[in-house]
Number of protein chains: 2
Amino acid sequence: MTAICFCWAGVWWTPHPQPPTQTNTDFIFVDLLPAKNGEEQTIQFLLEVVEILTNYIRKTFDRSTKVLDFHHPHQLLEGMEGFNLELSDQDTLKYGVRTGHPRFFNQLSTGLDIVGLAGEWLTSTANTNMFTYEIAPVFVLMEQLTLKKMREIIGWPDGEGDGIFSPGGAISNMYSVMIARYKFFPEVKTKGMAAAPRLVLFTSEHSHYSIKKASAALGFGTENLILLNTDERGRVIPADLEAKVIEAKQKGYVPMFVNATAGTTVYGAFDPINEIADICEKYNIWLHVDGAWGGGLLMSRKHRHKLNGVERANSVTWNPHKMMGVPLQCSAILVRERGLLQGCNSMCAGYLFQPDKQYDVTYDTGDKAIQCGRHVDIFKFWLMWKAKGTIGFEQHIDKCLDLSAYLYNKIKNREGYEMVFNGEPQHTNVCFWYIPPSLRGLPDSEERWERLHKVAPKIKAMMMESGTTMVGYQPQGDKVNFFRMVISNPAATRSDIDFLTEEIERLGHDL
Amino acid sequence: MTAICFCWAGVWWTPHPQPPTQTNTDFIFVDLLPAKNGEEQTIQFLLEVVEILTNYIRKTFDRSTKVLDFHHPHQLLEGMEGFNLELSDQDTLKYGVRTGHPRFFNQLSTGLDIVGLAGEWLTSTANTNMFTYEIAPVFVLMEQLTLKKMREIIGWPDGEGDGIFSPGGAISNMYSVMIARYKFFPEVKTKGMAAAPRLVLFTSEHSHYSIKKASAALGFGTENLILLNTDERGRVIPADLEAKVIEAKQKGYVPMFVNATAGTTVYGAFDPINEIADICEKYNIWLHVDGAWGGGLLMSRKHRHKLNGVERANSVTWNPHKMMGVPLQCSAILVRERGLLQGCNSMCAGYLFQPDKQYDVTYDTGDKAIQCGRHVDIFKFWLMWKAKGTIGFEQHIDKCLDLSAYLYNKIKNREGYEMVFNGEPQHTNVCFWYIPPSLRGLPDSEERWERLHKVAPKIKAMMMESGTTMVGYQPQGDKVNFFRMVISNPAATRSDIDFLTEEIERLGHDL
């Protein structure tokens, strides 16, 4: 029962002219600006916040700062248990992970773009909602123009079609399955899955698990999602798709949806879209391209050929928050045929989307969404595009791919490294095992693989505890744990790549 | 082909020491901090941004500032067409809607909490992702502790159960339907809806349209969502529910899910949860409480009785971004039985959720979600709770309900007003028609209602064009367009309520 007010930056904040007094509760109400005479204090408070944040940003880009200050859950919880909120706001940043650090390579989304960040600060200050033009006029129009631009880049004539920003690639992929179902079996919307025959979906064994989540959630069932074989680089084998489509039809099932991945999560593989599109056209199947990770390459004249055929897709997922460095979250689902998104999701709720408003209500896009309230994800992206231009994104993407080629060329023949698959990486993913000296002499045996399986987790654990860098690892199919290096961080340089390999060698040497 | 760099606050920004030069593209790449010697410029840039934002905030709370500066879509588009990005960043705020203005009453989410805003700024600077403890250690723990606290407030013993923050109430409600289906028919996850009998869902005719969206998306079909009759205050009639459950069973269907709304969108009605829970227990049906709008009242000792019985629910949606003033987006789905969320959604993607990490991986909550990447929605809420305390939220909620009682008492017998239903509002929703003098003498005829139907849209259009205040209107069932006043804005006072009625009378007088 302590009477405290609110601590930020080592200063106690209270809107009351008097010092805090004991009450029968734990806290004193602080509302800053709405309080009388709260203005000066509010601005002062926000400036203190900004000072903390700019210090954080400065340090994030300083290579001598740790990427993280690792603590186990129980250690952090000691300071938080019982909701006593002892953890201060500076600790929140202190114990967090610096995802913008030049040596953070752990996820597909890395980096901290300052213009994008400014966009987020403005967005949260505007604090509005995307469902109607009425309350988000500028953002709704920005979304519309940006989606059109993205469709032009995909290659749909005049940028025609439709789309919406959604809370992440998994939801964008879910949209694609829903829209495909609506296109072929619109009566499912009203009558449920009982109105359709047994529908089957196809995706690569290397594809993102969101396709599987969607097939479970939307009522298809994961057993009706058929996994496609891939070549050793992780790309779908088109002949396998056709064989499985024919097999499904022979069983009386209806092949409805194929997902082709442009940039798989682990290998960074690009499925051959044109060959897959041929099969989809032949059998009248919806073709979705999951370009959550690889879609950004469409901005690069040098690399966009990897998505050749994308313009033949019926829908595309594309996450600017991954390869294009836009702050989280920013994911688009783009649809070639106009009207499907609306038809699939609209429920015409009169209380939200009144047809008798004074402006052109076709700009009210909310009824296309499966959400009601929808966060403004567009502004940071718009602002970055404005700042960098298309060429700025292209330069960023080309630079990241150059860096990954540098890493690949550096380690492909280096002692102590073994590539998971042969050949230049298609995306920035470089997949490799580090072989500690103690394993180098061993014959290719089960024992060797078992021991190698434990190497990456051990190195990763030491890496996190020393806080110097972060890179992901995972098994895949019959391959034991290996490192997956990915580069999307605009701050990374060759020296950071060199640092990563040195660090792996330092930490793994005696394993 | 103009060579420009990036304009913010009237200043051109470029990371290059040289002035911008002509290139063969429209823009020059600007990346600020990662550029050499970019540090000073970055901090300077962010401080300029903050100056714009603090000026915006100052004005937002100034009643002499307009709520909006209305322009039609085609007018705004003139400045944006062809993606030439002429619209400057200050214009973005200028043409936006000030949702924090004390006279903005248009949505369920209003207000601009400064502490919450600071939380958002920090969140976007941290720019991380909720799927693993590994990259969001502090936020993941904060989410866990906050969800437990919310479950304690609901009344589940020791705060046991599960939950997750989702991108809005519609998705939270969708989760509830998915989880209920998994509880009763887990085989649907793998085999699809064909593995279940014909399932039916029940919800009020006044409930939020997201229940209908979920029934379409998840493969039930909207025809299998049965709408329940309500009393004249918009509350579900339990006898109607029981009759419809029995009828469905007689047809051989399986009643699976009932949604009870705590705070309907338009009337602000609270369905009688205890009576509905009795029926759900009797027939073994999942009970979900959609407290997206009304859940906040659980924080108020005076008003929480309106949700009596909520502890009997199997799942609860509760949006702190509505009645509790947390910035958008912040919505929780809470589940009484532990394990269902995980069981329903997990796909065990080895590349994301490695079991052999060095920390306790039960803290990796990502596989419970239908999303993969997930925005950090928790920190602003945590920070506000820390600042205000539970009592601060209670004071805010009690004050908003007092204000709506003030409005109700003011207009219930006032000339020119007609209440849509009788009796004190249960939530802050006050629903009324304004009757212009020209309609006051008319008999209760079809003509009168037809004319009245046009009054609210006309007043609203004039209101938006004058930019003085904003309030929503809609029809509901057989009721023609009426105003729905809602109060969740901490900055609103009685004088703002008085202003609203004066403004309606001023604008509507000559209609």
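As the structure is a computational prediction, the values presented were derived from the model and not from experiment.

### A few points about the overall build of chain A
Thinking step 1. From N to C terminus, chain A includes 16 helices and 14 strands.
Thinking step 2. By residue count, 68% of the 511 residues in chain A fall in the buried class.
Thinking step 3. Across chain A, contacts joining residues at least 24 apart in sequence account for 70% of those joining residues at least 6 apart.
Thinking step 4. Accessible surface computed for chain A: about 16,800 Å², of which carbon and sulfur atoms make up 50%.

### Considering the sheet that holds strand E4 (residues 162-166) of chain B
To summarise the sheet geometry, strands pair through backbone hydrogen bonds and adopt either a parallel or an antiparallel arrangement.
Residue and element names in this part refer to chain B.
Thinking step 1. Judged by pairing direction, the sheet is mixed, and its 7 strands sit side by side in the order E4-E10-E9-E8-E7-E5-E6 without closing on themselves. The sheet is open, and its two edges are formed by E4 and strand E6 (225-228), each paired on a single side. Direction aside, neighbouring strands of the sheet carry axes that sit 20° apart on average.
Thinking step 2. Looking at chain direction, strand E8 (residues 286-291) and strand E9 (residues 315-318) are connected through 4 bridges and run parallel. Each bridged residue has a counterpart across the sheet, and for Val289 the counterpart in E9 is Val316.
Thinking step 3. Sheet strands in contact with helix H6 (residues 169-184) are E4, strand E5 (199-204), strand E7 (254-261), E8, E9 and strand E10 (331-335), and its direction is about 170° off that of E8.
Thinking step 4. Of the strands in this sheet, E7 and E8 touch helix H10 (residues 273-283), which is tilted by about 155° from E8.

### As for the sheet that holds strand E14 (residues 479-485) of chain A
Residues and elements named next belong to chain A.
Thinking step 1. Within the open sheet, the 5 strands sit side by side as E3-E13-E14-E12-E11. Their pairing is mixed. Strands with a single pairing partner mark the edges of an open sheet, and in this sheet they are strand E3 (104-105) and strand E11 (417-419).
Thinking step 2. The sheet contact formed by strand E12 (residues 430-434) and E14 spans 3 bridges and is antiparallel. The residue bridging Val430 from the neighbouring strand is Met485, located in E14.

### Here's the deal with the relation of the copies chain B and chain A
Thinking step 1. In the superposition of chain B on chain A (RMSD 0.0 Å, axial shift 0.0 Å), the rotation amounts to 180°. In the structure described here, the two chain copies are related by an operation that fits a two-fold rotation axis. Judged by C-alpha distance, B:Leu218 is the residue of chain B that lies nearest the rotation axis, at 2.1 Å.
Thinking step 2. When the interface residues of chain B are mapped onto chain A, 99% of them again fall at the interface, so both copies present the same face.

### Comments concerning the domain arrangement of chain A
Thinking step 1. Taken domain by domain, chain A holds domain 1 (34-96), domain 2 (129-375) and domain 3 (389-508).
Thinking step 2. Centre-to-centre separation of domain 1 of chain A and domain 2 of chain A, based on C-alpha positions: 38 Å.

### Regarding the packing of helix H15 (residues 455-466) of chain B against helix H16 (residues 494-508) of chain B
All names here are of chain B.
Thinking step 1. Their axes nearest at 9 Å, the elements H15 and H16 cross at an angle of 110°. The angle between H15 and H16 places the two elements in the roughly perpendicular class. For the pair H15 and H16, the sense of crossing is right-handed. Taking contact as the criterion, the partners of Ile459, Met462, Met463 and Ser466 in H15 are, on H16, Leu500, Glu503, Ile504, Arg506, Leu507 and Gly508.
Thinking step 2. Among the residues making up the contact of H15 with H16, the classes are represented as 6 nonpolar, 2 polar and 2 charged.

### Description of the confidence of the model for chain A
Thinking step 1. Overall, the prediction assigns chain A a mean pLDDT of 90, with 90% of residues at 70 or greater.
Thinking step 2. For the stretch residues 1-5 of chain A, pLDDT sits under 50, and the model shows 18 contacts to residues farther than four places along the chain or on other chains.

### Things to note about the packing of aromatic side chains
By convention here, two paired aromatic rings are described through the distance between centres and the angle between planes.
Thinking step 1. This model, assessed by the stated rule, comprises 31 aromatic pairs over all chains.
Thinking step 2. Following the ring pairs from residue to residue traces out a cluster consisting of A:Tyr267, A:Phe421, A:Trp433, A:Trp449 and A:Phe482.
Thinking step 3. If you follow B:Arg448 out to its NZ or CZ, it ends over the ring of B:Trp449, 5.2 Å from the centre.

### Focus: the side chain of A:Asp398
Residues and elements named next belong to chain A.
Thinking step 1. Following the sequence through the fold, Asp398 ends up in helix H12 (residues 378-411).
Thinking step 2. Among buried charged residues, Asp398 stands out as having no salt bridge; its nearest opposite-charge side chain is Lys302, 6.1 Å away.
Thinking step 3. Within polar-contact distance, the side chain of Asp398 engages the side chain of Ser300 at 2.6 Å.
Thinking step 4. Asp398 has contacts with Ser300, Lys302 and His303, leaving out every residue within four places of it along the chain.

### Observations concerning the interface of chain B and chain A
Thinking step 1. Contacts between chain B and chain A engage 151 residues on the former and 150 residues on the latter.
Thinking step 2. The interface formed by chain B and chain A contains 8 salt bridges.
Thinking step 3. Across the pair A:Lys213 and B:Asp367 runs a salt bridge whose closest N-O atoms are separated by 3.3 Å.
Thinking step 4. For the interface between chain B and chain A, the tally reads 49 residue pairs in polar contact (both at pLDDT 80 or more).
Thinking step 5. In terms of residue count, helix H1 (residues 39-60) of chain B provides more of the side of chain B that touches chain A than any other element does, 13 residues in total.
Thinking step 6. Its residues placed into classes, the side of chain B that touches chain A shows 87 nonpolar, 42 polar and 22 charged.

### Overview of the environment of A:Asp510
Residues and elements named next belong to chain A.
Thinking step 1. Residue placement: Asp510 occurs in the segment after helix H16 (494-508).
Thinking step 2. Among the residues examined, Asp510 registers a relative accessible area of 70% and is labelled exposed.
Thinking step 3. The spatial distance from the C-alpha of Asp510 to the C-alpha of Trp286 is 52 Å, given a sequence separation of 224 residues.
Thinking step 4. Among the polar contacts listed, one links the side chain of Asp510 to the side chain of His509, at a separation of 2.9 Å.

### Brief notes about the UniProt feature "modified residue: N6-(pyridoxal phosphate)lysine" (unreviewed entry) in chain A
All names here are of chain A.
Thinking step 1. Taken from the UniProt record, the annotation "modified residue: N6-(pyridoxal phosphate)lysine" (unreviewed entry) applies to Lys322.
Thinking step 2. Counting through the fold element by element, Lys322 comes out in the loop between strand E9 (315-318) and strand E10 (331-335).
Thinking step 3. Once residues within four sequence positions are removed from consideration, Lys322 is found in contact with Leu108, Ser109, Ala292, Trp293 and Ser488.

### Details of the state of the cysteines
Thinking step 1. Throughout the structure, instances matching the rule amount to 0 disulfides over all chains.
Thinking step 2. B:Cys400 takes part in no disulfide bond, and the closest cysteine sulfur to it belongs to B:Cys431, at a distance of 16 Å.

### Digging into the pattern of salt bridges
Thinking step 1. Tallied over the entire structure, the rule returns 58 salt bridges over all chains.
Thinking step 2. In this structure, A:Asp231 and A:Arg235 form a salt bridge, with 2.9 Å as the shortest nitrogen-oxygen distance.
Thinking step 3. Between A:Glu418 and A:Arg448 there is a salt bridge, with its nearest N and O atoms 2.9 Å apart. Taken together, the residues A:Glu418 in strand E11 and A:Arg448 in helix H14 (residues 446-453) connect sequence positions 30 residues apart.
Thinking step 4. Residue A:Glu418 is classed as partly exposed on the basis of its relative accessible area of 28%.
Thinking step 5. A single salt-bridge network, built from bridges that share partners, covers A:Glu134, A:Lys357, A:Asp364 and B:Lys460.

### Considering the pairing of strand E6 (residues 225-228) of chain A
Thinking step 1. Sheet topology places strand E5 (residues 199-204) of chain A next to E6(A); 4 bridges connect them, and they run parallel. Within the sheet, the bridge partner assigned to A:Leu201 lies in E6(A) and is A:Leu225.

### Topic: helix H12 (residues 378-411) of chain B
One full turn of an α-helix is made of 3.6 residues, so residues set three or four places apart face in the same direction.
Thinking step 1. When the terminal C-alpha atoms of H12(B) are compared, their 39 Å separation across 34 residues is substantially less than the 50 Å that a helix rising 1.5 Å per residue should span.
Thinking step 2. The largest bend along H12(B) reaches roughly 90° and is located at B:Lys388.

### Here's the deal with the environment of B:Phe220
Thinking step 1. Locating B:Phe220 in the fold gives a position in the loop between helix H8 (210-217) and E6.
Thinking step 2. Distance in space between the C-alpha atoms of B:Phe220 and B:Val200 is 7.6 Å, their sequence separation being 20 residues.
Thinking step 3. Ignoring any residue separated from it by four or fewer positions in sequence, one finds B:Phe220 in contact with A:Lys191, A:Gly192, B:Val177, B:Arg181, B:Met193, B:Leu199, B:Leu201, B:Ser215 and B:Met256.

### Some points on the packing of helix H1 (residues 39-60) of chain A against helix H4 (residues 114-126) of chain B
A pair of packed helices is captured by two measures, namely the crossing angle of their axes and the spacing between those axes.
Thinking step 1. Two elements in contact, H1(A) and H4(B), have axes whose closest approach is 11 Å; the angle formed by their N-to-C orientations is 10°. Judged by the inter-axis angle, H1(A) sits roughly parallel to H4(B). Contact with H1(A), carried on its side by A:Thr42, A:Phe45, A:Leu46, A:Val49, A:Val50, A:Leu53, A:Tyr56 and A:Ile57, involves B:Ile114, B:Val115, B:Ala118, B:Trp121, B:Leu122, B:Thr125 and B:Ala126 of H4(B) and no other residues of that element.
Thinking step 2. When the residues that make up the contact of H1(A) with H4(B) are grouped by side-chain class, the tally is 13 nonpolar, 2 polar and no charged.

### Details of the pairing of strand E13 (residues 470-476) of chain B
Thinking step 1. With 6 of 7 residues buried, E13(B) lies mostly within the body of the structure.
Thinking step 2. Hairpin geometry of E13(B) and strand E14 (residues 479-485) of chain B is characterised by an intervening segment of 2 residues between the two adjacent antiparallel strands and by a positive phi of about 55° at B:Gly477.

### Side note on the environment of A:Asn106
Thinking step 1. Within the secondary structure, A:Asn106 is located in the loop between E3 and helix H4 (114-126).
Thinking step 2. Spatially, the C-alpha atoms of A:Asn106 and A:Glu418 are 20 Å apart, while their sequence positions differ by 312 residues.
Thinking step 3. Setting aside its immediate chain neighbours within four residues, A:Asn106 contacts A:Lys460, A:Met470, A:Val471, A:Gly472, A:Arg484, B:Glu134 and B:Ile135.

How each quantity is defined
- Residues numbered from 1 in each chain as written.
- Chains lettered and ligands numbered in written order.
- Predicted model: local features only at pLDDT ≥ 70, side-chain atom pairs only at ≥ 80, totals over all residues.
- Heavy atoms only, no water.
- Helix = DSSP H or I, 4+ residues; strand = E, 2+ residues; numbered from the N terminus.
- Buried < 20%, exposed > 50% of the residue type's maximum accessible area, 1.4 Å probe, protein only.
- Contact = heavy atoms within 4.5 Å.
- Areas by Shrake-Rupley, 256 points an atom, 1.4 Å probe, with all protein chains shown as cover.
- Pairing = 2+ DSSP bridges.
- Axes fitted to C-alpha atoms, helices over the stretch in contact; angles between N-to-C directions.
- Least-squares fit on C-alpha atoms with pLDDT ≥ 70 in both.
- Domains from an automatic or database assignment.
- Parallel < 35°, antiparallel > 145°, perpendicular 65-115°, else oblique.
- Left-handed = near helix turned anticlockwise from the far one by under 90°.
- Nonpolar A, V, L, I, M, F, W, Y, C, P; charged D, E, K, R; others polar.
- pLDDT = per-residue confidence, 0-100.
- Phe/Tyr/Trp six-rings, centres within 6.5 Å; stacked < 30°, edge-to-face > 60°.
- Lys NZ or Arg CZ within 6 Å of the ring centre and 35° of its normal.
- Lys, Arg positive; Asp, Glu negative; His and termini not counted.
- Salt bridge = Lys/Arg side-chain N within 4 Å of Asp/Glu carboxyl O.
- Polar contact = N/O pair within 3.5 Å; in protein donor to acceptor, adjacent residues only side chain to side chain.
- UniProt positions renumbered as here; feature names shortened; annotations may be inferred.
- Disulfide = S-S within 2.5 Å.
- Expected span 1.5 Å × (residues − 1).
- Bend = angle between axes of the 7 residues up to and from the residue.

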